[in-house]
Protein chains: 2
Amino acid sequence: MAQPLISEKEMIHQLTLLFLQNGFNENKAQTLAQIFTSSTLDGIQSHGINRVPLFIEYVKKGIVKPNAEPSCVSAMGGIERWDGHQGPGILNALKCSDRAIHLARESGMGLVALRNTNHWLRGGSYGWKIAEAGCIGILFTNTTPNMPAWGGQQNRLGNNPLVISIPRPEGHVVLDMAMSQYSFGKIHQYQLNGESLPFAGGYDHNGQLTHDPQKIMSSGKSLPIGYWKGSALSMVLDMLATLLSAGQSTYEIGKRELETNLSQIYLVINPHTFHDEDITSKLINEIITYSHDVVPNNAGRRTYYPGERTLATRMHNKIHGIPVNADIWNSILNLIDG
Amino acid sequence: MAQPLISEKEMIHQLTLLFLQNGFNENKAQTLAQIFTSSTLDGIQSHGINRVPLFIEYVKKGIVKPNAEPSCVSAMGGIERWDGHQGPGILNALKCSDRAIHLARESGMGLVALRNTNHWLRGGSYGWKIAEAGCIGILFTNTTPNMPAWGGQQNRLGNNPLVISIPRPEGHVVLDMAMSQYSFGKIHQYQLNGESLPFAGGYDHNGQLTHDPQKIMSSGKSLPIGYWKGSALSMVLDMLATLLSAGQSTYEIGKRELETNLSQIYLVINPHTFHDEDITSKLINEIITYSHDVVPNNAGRRTYYPGERTLATRMHNKIHGIPVNADIWNSILNLIDG
């Protein structure tokens, strides 16, 4: 099926209407629409437009509470603990990013540990935002269990996305990676295309590693990056988010029918602390130039720094419109009354 | 060859003698001996006793300067920038860990960015130390280039070890992982044993992924964990360490004949900031219990939290002595005069 191209403005307009009709005030509806659209504009449909119907379902089920406002539970110097009160993950994430930026501007570094929030959709959105504010961001979230710990059969770990962003005048560096080798969205895409995964991406029902997307979708067990290494890193990120927020761990989240009450970390560092942007900017560019200056492994391809392709996709879609799945776009339009 | 068992006390004694004879004062020699020994006691021979001859070689070549003292270059709130002046990586790392602990006790969080240091040997040593002090540690270092960036043929990334430690009365959680799937030491071990790697661990001379340790040792190109994901994470860690310390990047380090002038980050968070150790301790234990409570993938095996096996090895070796390679132990004894 041909993918319709929707303009950024049109997408924001329709989504704002939808959110207004689902209990969000004007300001919140617009902000949500902007973030869902910006992820889609950047080519991350899976955590943008494709996820809107599920978001509305969560609102209707009372999992995401439109009127909840995050609040600061306790503060000590540059560290604060916030409670998201099950408000929309996007709005809670924006608030906590802003707060951590504020703390970093005051004293060089700020950390906000957030509990009881909902899915933040694309974590990279907040990495880009923090970089736009001229700061370094290190963010992560826990999730419901979807990967076995190395050596075990049952899912015990979240894929716990990690975002690291570094501001740069020529284009921010934004890493946005889950701890799983592939997302279930990506595995599902391979399944739909009738293709095998290029690398092992999960386990079959017998606990054997497999490239077969069908078997992984069926077992529900994805594989951590680097096998035992990503398994350990995922567990430690869950510990940090849970401990610092005194929130729910992947273990507690896994007891629920639907994924909610997530714990997250927003660590922001002000790189202008030492007033030497000229020097540090040059150092980052040296690293990027060095990484680009290689013979590609496949003729006609090249290497990229994290965020480089996102920026190219954003520029392209701003001009040509945002490609969306026709079924999903129509289902969203059908959700809007009148 | 049978592996001699050396007591902790004897190893510290002999190494202290060796370091005293190589330009270190009493205090420095003892501290270095303790750290080299503690890594070996924990079963990390590759970054403990096995590395002593190379360390002495670096001292003799003037790469590691025995009399250099790290100094604070600039400070702003909880962030400090230090210069290691090419002193021994172990002593610089201990100093910066202590300093970051001090800052975290004062204001909840402390970050020390260190430049111009040498190899810290086992990064986990400082993770254990920070956890012993009741704090959370997030540490990383850059290295000389030893992995291609995803899609390229030439080495452009360091394996950039990352350490995350979390204090826990029943045994600290300490993750210590390089960004490469296997260290060259481990790959070399497979080669010596005539075995194939269980998973792809690097590239052959044609840029193809391979399980063959011989081909990887020959190309010198190791593989990042999670392919494109670890490639991106490694690059971003190098950027953070370089930018915050205004030090040398993997690019600059790679221009040198021998690996030196590394850049490192020591971020310490005080988890007692909110005075709820009882709650957070329970949360961490829930995560660990959950991860243990699985059917093992291989009968008779089990899952472990990061640091769990290290602790078991430490306890065993304290009682039975530390196994060392006879050739290496003899070569060290031969380095000691008289």
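Quick caveat: nothing in here was measured; it's all calculated off a predicted structure.

1. Here we look at the pairing of strand β8 (residues 162-166) of chain A
Residues and elements named next belong to chain A. Most of β8 is tucked away, with five of its five residues classed as buried. Every second residue of β8 is oriented toward a common face, with Leu-162, Ile-164 and Ile-166 on one face and Val-163 and Ser-165 on the other, all of them buried. Summarising the sheet, strand β5 (residues 136-141) and β8 pair through four bridges and their orientation is antiparallel. Within the sheet, the bridge partner assigned to Leu-139 lies in β8 and is Val-163. Inspection of the sheet shows β8 paired to strand β9 (residues 173-177) by five bridges, in the antiparallel sense. Its bridge partner lying in β9, Ile-166 is registered against Val-173. The hairpin turn running from β8 into β9, its antiparallel successor, is six residues long, and Gly-171 in that turn takes a positive phi close to 135°.

2. With respect to empty space enclosed by the protein
As enumerated under the stated definition, the model contains six cavities of 30 Å³ or more in all. Approximately 270 Å³ is the volume attributed to the largest cavity. Lining the largest cavity we find 24 residues, and of these Ile-138 and Ile-164 of chain A together with Ile-138, Phe-140 and Leu-162 of chain B sit closest to its centre. Residues that form the lining of the largest cavity fall into these classes: 24 nonpolar, no polar and no charged. Size it by volume and the second largest cavity reaches roughly 110 Å³. The wall of the second largest cavity is formed by Arg-51, Leu-54, Phe-55, Tyr-58, Val-64, Gly-89, Asn-118, His-119, Leu-121 and Glu-259 of chain B. In terms of residue count, the dominant contributor to the lining of the second largest cavity is helix α3 (residues 52-60) of chain B (three residues).

3. Observations regarding the confidence of the model for chain A
The pLDDT averaged across chain A works out to 96; a share of 100% of its residues lies at or above 70. Scored by ipTM, the complex comes to 0.98, with pTM at 0.98.

4. Considering the nonpolar core
Among the nonpolar cores identified, the biggest contains 171 residues, and Leu-15 and Phe-19 of chain A together with Leu-15 and Phe-19 of chain B are the most heavily contacted of them. Contact partners of Leu-15 of chain A, with chain neighbours within four places excluded, come to Ala-33, Phe-36, Thr-37, Ile-49, Val-52 and Ile-332 of chain A. With 20 residues, the next largest nonpolar core counts Ala-200 of chain A together with Ile-187, Tyr-190 and Leu-197 of chain B among its residues.

About the criteria used
- By convention here, each chain's residues receive numbers from 1 onward along its written sequence.
- Key to labels: chains lettered from A, ligands numbered from 1, both in the order written.
- Confidence filtering applies because this is a predicted model: local features only for residues at pLDDT of at least 70, side-chain atom pairs given and counted only at 80 or more, and all residues used for totals across whole chains, interfaces and linings.
- For side-chain calculations, the full set of non-hydrogen atoms in the structure is used, while hydrogens and water are omitted.
- Note on classification: 1.4 Å probe, protein chains only; a residue is buried when its accessible area is under 20% of the maximum for its type, exposed when over 50%, partly exposed between these limits.
- The way it works is that DSSP assigns letters per residue, a run of H or I at least four long becomes a helix, a run of E at least two long becomes a strand, and they are numbered from the N terminus.
- Any two strands between which DSSP finds at least two bridges are classified as paired.
- Cavities and pockets were defined on a 1 Å grid built over protein atoms only: a cavity is a set of grid points that admits a 1.4 Å probe from which the probe cannot escape, a pocket is an open set flanked by protein on both sides within 12 Å along at least five of seven lines, and lining residues are those with an atom within 4 Å of any such point.
- Grid points are joined across faces, edges and corners, and a volume is the space filled by probe spheres set on the points.
- Gly falls in the polar group here, along with every residue not listed as nonpolar (Ala, Val, Leu, Ile, Met, Phe, Trp, Tyr, Cys, Pro) or charged (Asp, Glu, Lys, Arg).
- Known as pLDDT, the predictor's confidence for each residue is given on a scale from 0 to 100.
- Note on terminology: a nonpolar core comprises buried Ala, Val, Leu, Ile, Met, Phe, Trp, Tyr and Cys residues joined through side-chain atoms within 4.5 Å.
- Two residues qualify as a contact provided that any one of their heavy atoms is within 4.5 Å of a heavy atom in the partner residue.

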